[in-house]
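# Summary of the model geometry
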Amino acid sequence: MNESRGDIVYRMARPETLKIVHLDAFAAVFHRASGITHLVTSPAPEILATLGEAGMTRAGLLARLSVDYALGDADEAALLARLEELVATGLVAVA
C-alpha cells in the first residue's frame, strides 16, 4: 500500500472495541481487541472522534479538523504521522 496516496480511507476501530476516558490533557483509550490501554493527547482523541466508523481520507480529515478545532497550523505531513501511529496501535484502520 502506498501511504502517500491521498485516497486512502482511515476509520476509527469499531466503537465497541474501544473505551475512551478523558483525563484532563490525556485520554485513556482501552483497546479491547489487544487488551492494551493507550494514553494519548491531542490530536489523537480529536482524530478518533472525527473519523468515526464511516472514515475519511487524510485530506477530508484535515479539512474537518481545521473547521471543528480551528487549527492554525494544519499540516498534512504531521497528520499522516499521527495516523500512522494510530494505525500501528490498532486504534485506526486503513480501508
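Below: a short report on this structure. (Residues numbered from 1 in each chain as written. Predicted model: local features only at pLDDT ≥ 70, side-chain atom pairs only at ≥ 80, totals over all residues. Heavy atoms only, no water.)

## Looking at the pairing of strand β4 (residues 36-41)
Relative to β4, strand β3 (residues 26-31) runs antiparallel, the two sharing 6 bridges. Paired with phenylalanine 26 across the bridge in β4 is threonine 41. Remark: 4 residues form the turn of the hairpin made by β3 and β4, two consecutive strands paired antiparallel; glycine 35 in that turn has positive phi of roughly 75°. (Pairing = 2+ DSSP bridges. Helix = DSSP H or I, 4+ residues; strand = E, 2+ residues; numbered from the N terminus.)

## Comments concerning the sheet that holds strand β5 (residues 56-57)
Pairing in this open sheet of 3 strands is antiparallel, and the strands run β5-β1-β6 from one edge to the other. Single-partner strands in this sheet number two, and they are β5 and β6 (92-94). Pairing geometry for strand β1 (residues 9-12) and β5, over 2 bridges, is antiparallel. Opposite valine 9, over in β5, you have threonine 57 as the bridge partner. Sheet strands in contact with helix α1 (residues 44-51) are β1, β5 and β6, and its direction is about 100° off that of β1. (Contact = heavy atoms within 4.5 Å. Axes fitted to C-alpha atoms, helices over the stretch in contact; angles between N-to-C directions.)

## A closer look at the sheet that holds β3
The 3 strands are arranged β2-β3-β4 in an open sheet whose pairing can be described as antiparallel. Only two strands of the sheet have a single neighbouring strand rather than two, namely β2 (18-23) and β4. The average angle at which neighbouring strand axes cross in this sheet is 20°, direction not considered. The sheet strands contacting α1 are β2, β3 and β4, and the helix crosses β4 at an angle near 105°.

## Points about the nonpolar core
Ranked by internal contacts, the top residues of the largest apolar core, which has 22 residues, are Tyr10, Ile47, Leu51, Leu61, Leu79 and Leu83. When residues of this core are traced back to their parent elements, those giving at least two are β1, β3, α1, α2 (58-69) and α3 (76-89). (Core = buried A, V, L, I, M, F, W, Y, C linked by side-chain atoms within 4.5 Å. Buried < 20%, exposed > 50% of the residue type's maximum accessible area, 1.4 Å probe, protein only.)

## So, the environment of arginine 58
Among the structural elements, arginine 58 can be located in helix α2. For the pair arginine 58 and leucine 79, spaced 21 residues apart in sequence, the C-alpha separation works out to 7.6 Å.

## Regarding the environment of leucine 62
Within the secondary structure, leucine 62 is located in helix α2. Here the alpha-carbon distance between leucine 62 and leucine 79, two residues 17 residues apart in the chain, equals 7.4 Å. In this view, leucine 62 contacts Ala74, Asp75, Glu76 and Leu79; residues no more than four positions away in its chain are not counted.

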